[in-house]
Amino acid sequence: MPFFKEFRRKKTTSKTDISPNSSNESNGSNGTNGTVPTTKSSSTINSVYASSTPPSSIQPHQSTPTLVTSKSTGAMTPLPQRPMPLSSVSNRSSFMGLSTPSINGTTTLKMPVSSFAPRILSVSDNSWVHQKVLLVYGQIGDPSEKTLDGTLTVCHHQDSFPATMWPVSDSHFKALVHLSPGPNRLRFDFMSPKVASNNSSLPAHSSWINVNFLPLINSPPLQLVILLGKDSPATFDAVPERKQREGNDLDIAVRKFRMAAYLWQAFTGEQMYRNGFGRRCFRFEEEWQTGSLTFRDKEMGQMRNEAKVHVVRTEKTVKELRDLDLAQQYDNATHKGELYSIAMEAVKEHFNPVKGQMQFISLLLLDAHWDTKAKTITGHAALGGGTGEVQLAIFGSQALQSYPASIEEVVPAFSDCTRTNTNFVANDCNESGSNWEAANIGIGAHLHETGHLFGCPHQESGIMLRDYVRLNRTFLCREPYSTRTKSPGVRLCLPKDECGWHRLDALRFKYHPCFRLPTDGPLNPDESIQVWPADNGKALITAPTGVSFVEIFTEGDETCRAWLEYSSGDVQSVGPPRQIVLTENDLKARLPEDRKNSKKLRIKIYSAGQGSHEVVDFNTLLRSKNHVVKLPNGQLGFKGCKLGESGQEGSQPEQVILETAHLQNKLLTSIKVYHGFALDGLEFLYEDSTSQLFGKRGGQPGGSEFMFDTRRGEILLGFYLRAGLWIDGIEILTSLGRRSGIFGNPNGGSGHTLIPPRGYCIAGVSGSCGQWVDGFSLIITR
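Because the structure is predicted, anything quoted here is derived from the model rather than measured.

### A few points about the overall build of the protein chain
Right, on to step 1. Within the protein chain one finds 12 helices and 40 strands.
Right, on to step 2. For the protein chain, the proportion of its 782 residues judged to be buried stands at 57%.
Right, on to step 3. Partitioning the contacts of the protein chain with sequence separation of at least 6, the portion at a separation of at least 24 is 68%.
Right, on to step 4. For the protein chain, the accessible surface area stands at approximately 33800 Å², while carbon and sulfur atoms represent 51% of it.

### With respect to the sheet that holds strand E35 (residues 716-723)
Right, on to step 1. Spatially, four strands are ordered E37-E36-E35-E38 in an open sheet, and the strand pairing comes out antiparallel. Looking at the sheet topology across the chains shown, the edges are occupied by strand E37 (743-744) and strand E38 (750-754).
Right, on to step 2. As defined by bridge partners, strand E36 (residues 727-734) adjoins E37 across two bridges and the pair is classed as antiparallel. Counterpart to Gly729 in the pairing with E37 is Gly744.

### Details of the sheet that holds strand E22 (residues 538-542)
Right, on to step 1. Spatial ordering of the open sheet is given by E21-E22-E25, a layout of three strands whose pairing is antiparallel. Because the sheet does not close on itself, it has two edges, and the strands there are strand E21 (530-533) and strand E25 (579-583). Neighbour to neighbour, the strand axes of the sheet diverge by 25° on average, direction disregarded.
Right, on to step 2. Bridging between E22 and E25 involves five bridges; their strand directions are antiparallel. Note on E25: the bridge partner recorded for Leu540 is Val581.

### Let's talk about the side chain of Asp189
Right, on to step 1. Position of Asp189 among the secondary structure elements: in strand E10 (residues 182-191).
Right, on to step 2. On the basis of relative accessible area, Asp189 is assigned to the buried category, the value being 7%.

### Examining the pattern of salt bridges
Right, on to step 1. Tallying each qualifying case throughout the model produces 38 salt bridges.
Right, on to step 2. Note that Arg478 and Asp170 form a salt bridge whose closest N and O atoms lie 3.3 Å from each other. Linking Arg478 in the loop between helix H9 (435-453) and helix H10 (503-510) with Asp170 in the loop between strand E8 (164-169) and strand E9 (172-178), this pair joins segments that are 308 residues apart in sequence.
Right, on to step 3. In this structure, the salt-bridge partner of Asp467 is Arg470, at a minimum N-O distance of 2.8 Å.
Right, on to step 4. Where salt bridges share partners, they join Lys174, Glu270, Arg274, Arg279 and Glu498 into one cluster.

### Concerning helix H4 (residues 250-274)
Right, on to step 1. Relative to the 36 Å expected for 25 residues at 1.5 Å per residue, H4 spans 36 Å between its end C-alpha atoms, a close match to the ideal helical length.
Right, on to step 2. For H4, the buried fraction is high: 23 of the 25 residues fall into the buried class.

### Side note on the pairing of E21
Residues in a regular strand project their side chains so that they alternate between the two faces of the sheet.
Right, on to step 1. Going residue by residue along E21, you find Gln530 and Trp532 tucked away on one face and Val531 and Pro533 tucked away on the opposite face as well.
Right, on to step 2. Once E21 ends, the chain turns through four residues before running back antiparallel as E22, passing Asn536 with a positive phi of about 60°.

### Here's the deal with the side chain of Gln530
Right, on to step 1. Summarising the element assignment, Gln530 is placed in strand E21.
Right, on to step 2. A residue is classified by how much of its surface remains accessible, and Gln530, at 4% relative accessible area, is buried.

### Structural notes on the environment of His448
Right, on to step 1. Structurally, His448 can be placed in helix H9.
Right, on to step 2. Between the C-alpha atoms of His448 and Phe395, which are 53 residues apart in sequence, the distance is 9.8 Å.
Right, on to step 3. Contacts of His448, omitting those with residues within four sequence positions, involve His458, Ile463, Met464, Leu465, Arg466 and Tyr468.
Right, on to step 4. Reaching out from His448, the side chain makes a polar contact with the backbone oxygen of Ile463 at a distance of 2.9 Å.

### Notes on the confidence of the model for the protein chain
Right, on to step 1. In the predicted model, the protein chain carries a mean pLDDT of 85, and 82% of its residues have values of at least 70.
Right, on to step 2. Here residues 92-110 is modelled with pLDDT under 50, and outside its nearest four sequence neighbours on either side it reaches 59 contacts, counting other chains as well.

### Here's the deal with the packing of H4 against H9
When two helices pack together, their arrangement is given by the angle between the helix axes and by the axis-to-axis distance.
Right, on to step 1. At a closest axis distance of 10 Å, the pairing of H4 and H9 adopts a crossing angle of 65°. Considering the relative orientation of H4 and H9, their crossing is right-handed. Contact residues: Phe257, Ala260, Leu263, Trp264 and Phe267 in H4; Ile443, His446, Leu447 and Thr450 in H9.
Right, on to step 2. Across the contact of H4 with H9, the residue classes tally to seven nonpolar, two polar and no charged.

### Remarks on H9
Right, on to step 1. Taking 1.5 Å as the rise per residue, H9 with 19 residues should run 27 Å; its terminal C-alpha atoms sit 27 Å apart, in good agreement.
Right, on to step 2. Most of H9 is tucked away, with 19 of its 19 residues classed as buried.
Right, on to step 3. Just beyond H9, the residue with positive phi is Gly455, at close to 100°.

Basis of the calculations
- Residues numbered from 1 in each chain as written.
- Predicted model: local features only at pLDDT ≥ 70, side-chain atom pairs only at ≥ 80, totals over all residues.
- Heavy atoms only, no water.
- Helix = DSSP H or I, 4+ residues; strand = E, 2+ residues; numbered from the N terminus.
- Buried < 20%, exposed > 50% of the residue type's maximum accessible area, 1.4 Å probe, protein only.
- Contact = heavy atoms within 4.5 Å.
- Areas by Shrake-Rupley, 256 points an atom, 1.4 Å probe, with all protein chains shown as cover.
- Pairing = 2+ DSSP bridges.
- Axes fitted to C-alpha atoms, helices over the stretch in contact; angles between N-to-C directions.
- Salt bridge = Lys/Arg side-chain N within 4 Å of Asp/Glu carboxyl O.
- Expected span 1.5 Å × (residues − 1).
- Polar contact = N/O pair within 3.5 Å; in protein donor to acceptor, adjacent residues only side chain to side chain.
- pLDDT = per-residue confidence, 0-100.
- Left-handed = near helix turned anticlockwise from the far one by under 90°.
- Nonpolar A, V, L, I, M, F, W, Y, C, P; charged D, E, K, R; others polar.

The following block contains the structure:
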């Protein structure tokens with residue numbers, strides 16, 4: 001009994017003790033939970049972080065946040081993104097000589113909020129992100145009333161990454177934050193000689209924010225490759241001072257390229273968020289290696305999981321690569337683009353992709369060299385694209401010396417006004433007159449080519465129109481003097497002053513396989529799009545994966561300036577529509593006033609499955625009588641867009657109107673498919689032993705017959721085709737969900753699903769036939 005009395009006494013707590021998670025704390029804003037006292041000892045800081053960081057449960061992705069623009073500053077503030085898995089009683093604290101919270105998490109006094117505690121504007125508390133390096137920006141106090149300069153210190157979760165310091169300019173700051181997988185509790189401290197601080201070791205003006213990092217492992221990575229000639233010394237162009245200070249060997253090249261790639265990722269993740277598509281971004285293949293995102297890792301031998309940079313050598317010598325590229329400088333060069341082909345061959349041999357396994361590769365040509373005599377960069381090419389299983393972007397190393405090699409070097413690199421010494425390195429496009437401008441061109445132009453790799457064409461603005469000359473503004477609040485514009489830089493770089501991805505780029509990325517999130521639902525493997533001219537001046541567009549957006553071009557347009565988008569911000573809640581209706585008025589309503597009277601409209605339609613379809617003349621599509629068929633009963637039928645090129649020698653047009661479309665007493669009982677390595681013909685067989693033939697009775701003798709279950713009312717729903725130059729194979733789809741299997745070549749061409757739009761049915765088939773069927777489309781009717 002005495003033991004239990006003593007046990008009860010020990011469990012009793014004083015009524016004056018206040019738990020940091022207690023509901024007694026008003027609004028949760030004046031408590032001190034999450035405000036950690038710091039000392040000069042890193043081990044002490046580590047232990048404090050570990051004891052004061054609450055656990056978090058991972059929650060699924062929910063709605064996409066909305067950005068609200070401040071009229072006074074132009075900055076965009078996010079609305080809350082997630083329920084809060086991390087308890088956060090106090091986010092902004094000031095000690096100012098008052099009592100401090102104890103290490104065990106309890107306190108006896110509530111701390112007042114500091115008006116100078118950093119306010120994070122770009123990321124809301126308990127956000128979910130999917131990249132290791134996160135870009136954040138925010139403000140100190142109210143910049144409209146008083147502006148301050150100073151220093152922001154970012155203290156990372158449990159001291160897992162060294163604290164980093166960032167400049168505060170006119171009360172604005174930007175910082176790159178390193179994240180560890182799982183919940184991250186981050187502290188932001190502000191210091192300025194113009195703001196009073198206490199004399200203790202505790203930070204006077206601090207903010208806390210919780211960020212959850214969920215790495216993506218279920219999407220294809222963007223591979224990073226450095227390409228070398230077979231006899232390359234693995235060095236890059238650098239001025240003597242740089243060589244002496246940091247070297248110009250392969251090790252520093254790998255670290256600089258890796259840091260540039262993480263800047264691409266931080267930039268793109270923030271851009272997708274600003275476009276309302278969540279914090280989706282591409283990922284990198286990572287490996288366990290000595291860390292390089294902080295320069296301290298190499299000194300301490302700290303191992304981390306960071307982006308892998310593959311080093312690949314070609315069969316060409318350095319001289320061959322440089323001489324080849326020098327020949328490309330002339331318009332009549334017969335080897336134009338061969339450097340890209342050499343790079344493509346090398347990466348294919350290195351990665352050995354198999355059919356259906358897509359590889360996305362961004363490659364740095366390390367042997368690029370500034371030829372001081374010829375005044376040109378040799379061994380360099382800026383190209384992006386690809387076919388088949390490999391999408392590849394390549395760029396030279398001529399500006400590599402100016403890149404940051406770690407997070408701590410980002411601000412110095414984009415602030416370095418040292419003039420470019422063309423006795424040793426290139427002034428690329430005469431836009432790299434100083435080191436920070438060279439970093440813009442090198443990192444930004446390589447990102448531009450990586451955009452091509454992801455399917456982006458040139459745009460009217462943004463990264464895909466050389467807007468990367470302003471890339472530095474994404475990471476700095478104050479821009480230095482520019483030799484390119486021969487003017488002082490922007491004093492305060494707000495989001496409106498930065499470069500960005502064009503909205504159409506963000507729409508492409510939204511459904512790109514490299515940008516998929518764990519919460520995205522599966523997509524139909526058929527990426528195809530079908531266009532169906534219909535009555536009343538309408539065109540019906542169908543896509544099994546849904547229609548994402550439509551680009552609109554007027555005559556003479558090379559870049560898109562108007563578009564229609566059908567994607568909601570939240571991929572998970574409502575997917576893109578599988579069927580849309582387009583009219584000429586719909587398209588013209590999106591055009592600028594000076595182009596609304598254009599007689600010819602060209603459109604390009606994109607599906608969520610990354611498929612595309614171009615209608616060269618939309619006006620003709622709607623008005624041409626070639627797409628209209630009059631059925632025997634007087635009804636109108638409409639031909640869908642044709643698959644196959646109808647280019648075989650002796651190819652003749654063919655058309656069959658199914659008797660079931662106009663005769664109620666006719667019953668289609670089976671379809672016989674004639675095929676070999678391609679489709680030779682289709683024979684439609686009826687209950688009364690009559691039949692209709694489209695194409696030829698070629699291929700294997702007798703063909704292959706597919707029977708309908710007429711007792712259950714099964715009818716023809718549509719077809720799935722494999723088609724390219726001709727029709728390689730065909731599959732019959734029924735109203736009961738049955739599929740016949742593919743007759744012909746199941747791997748030829750690309751896949752296309754032909755099912756009439758809602759409200760329409762199959763009236764017949766149209767196309768052409770030469771040695772075999774080389775053109776095919778459906779005829780539909782109401």
